[in-house]
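Chain and residue survey
Single-letter residue listing:
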Amino acid sequence: MLEMVNINKSFPGVRALQDVTFQLRDGEIHGLIGENGAGKSTLMKILAGIYHHDHGEIRFQGSKQGRWTARVIERLGIQFIHQERHVVPYLTVAESLFLGIEPTYSPLKLINRRNLEKQASKVLQEKVGLVVEGNKLVGELTVGEQQLVQICRALLQNPKVIVFDEPTAVLAKREANRLFEIIRELQKNKIAIIYISHYFGEIIDICDRITVLRNGQKVDTVGIEGLTIEDMVQMTVGREIVDQFSEKNQSTDEVLLEVKDLTHKTDFRHVDFSVRKGEIVGITGLMGSGHTSLGMSIYDHYGVVNGVVQLEGKPLGRLKPEGAIAKGIGYVPEDRRNLGIVQDLSVRENITLASLKRVSRGSVINQKAEKQKVASLIERLAIRTPNQEEPVNFLSGGNQQKVVISKWLSSGAKLYILNQPTAAVDVGAKAEIYSLIHELAKEGAGILLISQDLQELVGLSNRILVMFRGEIIDELEGSNVTTDQVLVSMMGGEQNGTDDKIS
Ligand SMILES: Nc1ncnc2c1ncn2[C@@H]1O[C@H](COP(=O)(O)OP(=O)(O)OP(=O)(O)O)[C@@H](O)[C@H]1O
Ligand SMILES: [Mg+2]
């Protein structure tokens with residue numbers, strides 16, 4: 001159906017793609033895998049007309065296309081769900097869903113806003129199972145919900161091919177399962193799918209074939225039959241990853257963070273828990289359960305209407321980021337692009353942003369020390385960047401996430417609130433991040449791990465709190481907690497939909 005032949009693409013200092021040939025068959029689900037920075041998104045951005053390839057050719061249904069422009073791509077019916085969600089926060093759900101494709105009436109092409117909103121709400125529920133008012137602002141949705149709006153928007157345009165660039169990085173298990181149902185449904189309707197993910201279990205579940213990229217080159221395209229996760233790790237990383245999760249530390253008895261009766265005006269109610277020094281406490285729930293909002297509310301108190309938060313016995317008021325840093329709180333946000341990185345600053349500046357004091361004498365930065373520190377983090381987490389001065393904006397998604405992690409994990413905080421810390425990160429770097437988190441806990445830091453990745457949650461946490469509709473409904477402790485148990489609890493104790501295949 002679609003063929004990209006000998007595609008080459010360079011950016012200053014980076015050879016992103018080198019003679020990559022990629023073929024998509026009619027109606028197949030084709031996985032595209034590879035480490036952070038391997039070139040997956042770049043290949044798809046070329047297909048989307050966002051970048052132009054330096055050399056190579058794109059053919060659609062056998063015929064060579066002269067100019068590969070946005071209009072041609074749209075006419076051919078290729079739709080994209082990009083890794084970075086491009087949403088306009090101030091538009092309503094209805095406006096974003098129908099932007100440019102609004103149903104109009106009368107020759108004057110008028111739009112009936114009320115109708116549009118009603119229709120949006122209806123279509124979203126039918127096509128992607130999202131229940132939301134059409135007049136809600138997109139900025140008020142969770143990233144997962146924003147993504148469902150985008151998927152729905154693609155579906156409205158009668159696509160022949162849909163590209164999903166890491167769609168499940170921001171989705172909880174149940175939402176991910178819903179997405180897989182949608183994808184299988186699309187396949188039945190003869191729509192071909194290109195699917196990028198670092199969750200190899202998912203790839204095995206839904207893909208027919210995979211193409212592996214490494215350092216901008218194609219390693220191979222193979223059928224999924226008989227392939228194991230280990231095979232895929234071997235093909236992408238070129239080596240084996242031994243045991244991701246090390247032995248859990250014993251936490252101390254000293255309470256570090258104490259949250260009492262914390263209540264938010266909309267997102268959560270009567271939340272009580274504590275984190276001890278050296279303890280890793282996991283929090284999870286279905287999308288919209290309140291666990292994501294809880295993370296930030298602990299220090300900024302935004303929207304909090306009642307309750308107390310204490311750090312080492314002292315109450316924390318409403319803090320701005322610098323205040324939180326001064327008190328020893330590190331926060332990895334879920335929304336990397338808008339809250340995690342400063343897009344125009346360099347990799348170096350982003351990494352040391354929260355801990356400049358640690359590389360300064362008085363108010364003067366010791367540049368040598370700063371560079372050394374940054375270099376060691378770049379090496380440890382294998383951050384793929386041409387140099388330290390590269391604007392962080394130019395890094396691949398997973399590498400940007402590694403920068404955010406580096407910034408905090410080297411800040412010497414007492415409490416780390418980590419919201420989806422390894423979303424979009426490849427298997428090799430994940431293992432490194434897990435061992436960093438372990439080290440911090442061993443050194444006495446407390447960690448609040450907010451995660452939808454159940455393996456990660458179970459593998460790292462001393463204790464897991466489960467939220468449902470804004471309240472903590474369960475606490476799971478002990479070394480034999482399973483992902484299935486967590487999942488059942490997340491559903492509010494319901495037994496359905498517990499097939500746990502994602503790794
Ligand atoms: N606009 C750009 N300017 C400069 N370099 C870029 C740009 N876009 C991508 N790159 C570089 O090209 C390489 C491939 O990036 P790409 O985003 O395709 O990786 P990826 O396989 O999608 O990784 P990830 O799993 O992290 O999303 C990276 O080394 C990245 O730094
Ligand atoms: Mg990418």
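Residues numbered from 1 in each chain as written. Chains lettered and ligands numbered in written order. Predicted model: local features only at pLDDT ≥ 70, side-chain atom pairs only at ≥ 80, totals over all residues. Heavy atoms only, no water.

Focus on the overall build of the protein chain
So the rule is basically this: What counts as a helix is a DSSP run of H or I of at least four residues, what counts as a strand is a run of E of at least two, and both are numbered from the N terminus. Throughout this description, buried means an accessible area under 20% of the type-specific maximum (1.4 Å probe, protein chains only), exposed means over 50%, and partly exposed covers the range between. Contact between two residues is taken to exist if any of their heavy atoms lie within 4.5 Å; hydrogens are not considered. Residue burial considers only the protein chains on display, and all accessible areas are found by Shrake-Rupley using a 1.4 Å probe. His is not counted, nor are the chain ends; Lys and Arg add positive charge and Asp and Glu add negative charge. Charge positions come from single atoms, namely NZ of Lys, CZ of Arg, CG of Asp or CD of Glu.
Across its full length, the protein chain carries 17 helices and 22 strands. If one aligns the C-alpha atoms of the protein chain with their principal axes, the spans along those axes are about 70 × 55 × 45 Å. Burial analysis of the protein chain (503 residues in total) assigns 55% to the buried set. Considering only intrachain contacts with a sequence separation of at least 6, the fraction spanning at least 24 residues in the protein chain is 67%. Surface accessibility of the protein chain: about 22,600 Å² in total, with carbon and sulfur atoms responsible for 47%. The average position of the 59 basic charges and that of the 63 acidic charges among the side chains of the protein chain differ by 6 Å.

Side note on the site of ligand 1
Threshold: Consider each residue's heavy atoms; a residue with any of them within 4 Å of a molecule or strand counts as near. Here a polar contact is recorded for every N or O atom pair within 3.5 Å, except that within protein the pair must consist of a potential hydrogen donor and a potential acceptor, and residues adjacent in sequence are included only if both atoms are side-chain atoms. Lining residues are those with an atom within 4 Å of a point, where the points come from a 1 Å grid over the protein atoms alone and group into cavities, where a 1.4 Å probe fits but cannot get out, or pockets, open sets with protein on both sides within 12 Å along at least five of seven lines. Each molecule is checked against the cavity or pocket grid, and it sits inside if more than half of its atoms lie within 2 Å of the grid points.
Near ligand 1, the surroundings consist of 23 residues, among which Gly37, Lys40, Thr42, Ser396 and Gly398 are the closest. A distance of 3.0 Å separates an oxygen atom of ligand 1 from a polar side-chain atom of Asn36. One nitrogen or oxygen atom from the main chain of Gly37 is found 2.8 Å from an oxygen atom belonging to ligand 1. Considered on its own, ligand 1 offers 640 Å² of accessible surface; in the complex 94% of this is hidden by protein. When atom positions are compared with the pocket grids, ligand 1 is found to occupy the second largest pocket.

Topic: the layout of surface pockets
This is how it is decided: Grid points are joined across faces, edges and corners, and a volume is the space filled by probe spheres set on the points. Where each domain starts and ends comes from a domain assignment, either automatic or drawn from a database.
Here the second largest pocket defines a volume of roughly 840 Å³. Forming the boundary of the second largest pocket are 34 residues, of which Lys45, Tyr51, Phe394, Leu395 and Ser396 lie nearest the centre. Secondary structure elements with two or more residues in the lining of the second largest pocket: strand S2 (14-24), helix H1 (40-47) and helix H14 (397-409). Shared between two domains, the lining of the second largest pocket holds at least three residues of each, these being domain 1 (2-237) and domain 3 (336-412).

Notes on the sheet that holds strand S12 (residues 271-276)
Let me state the cut-off plainly: Whether two strands pair comes down to DSSP finding at least two bridges between them. The axes are straight lines fitted to the C-alpha atoms, using for helices just the contacting stretch, and the angles between their N-to-C directions are given from 0 to 180°.
Strand order in the open sheet formed by four strands is S12-S11-S14-S15, with antiparallel pairing between adjacent strands. Either end of the sheet is taken by a strand with one partner, and the two such strands are S12 and strand S15 (314-315). Sheet topology note: the strand S11 (residues 255-264)/strand S14 (residues 304-311) ladder contains six bridges and is antiparallel. From the neighbouring strand, Glu258 faces S14, where its bridge partner is Gln310. Strands in contact with helix H9 (residues 291-300) are S11, S12 and S14; relative to S11, the strand with the most contacts, it is inclined by about 115°.

Here we look at empty space enclosed by the protein
Formally: Residue polarity follows a fixed list, in which Ala, Val, Leu, Ile, Met, Phe, Trp, Tyr, Cys and Pro are nonpolar, Asp, Glu, Lys and Arg are charged, and the others, Gly among them, are polar.
Going through the model one piece at a time under the given rule, you end up with five cavities of 30 Å³ or more. Roughly 50 Å³ of internal volume is contained in the second largest cavity. What lines the second largest cavity is Glu166, Thr168, Ala169, Ser197, His198, Tyr199, Thr422, Ala423, Ala424, Val425 and Lys430. Residue composition of the lining of the second largest cavity, by class: five nonpolar, four polar and two charged. There are two domains that each give the lining of the second largest cavity at least three residues, and those are domain 1 (2-237) and domain 2 (248-328 + 413-497).

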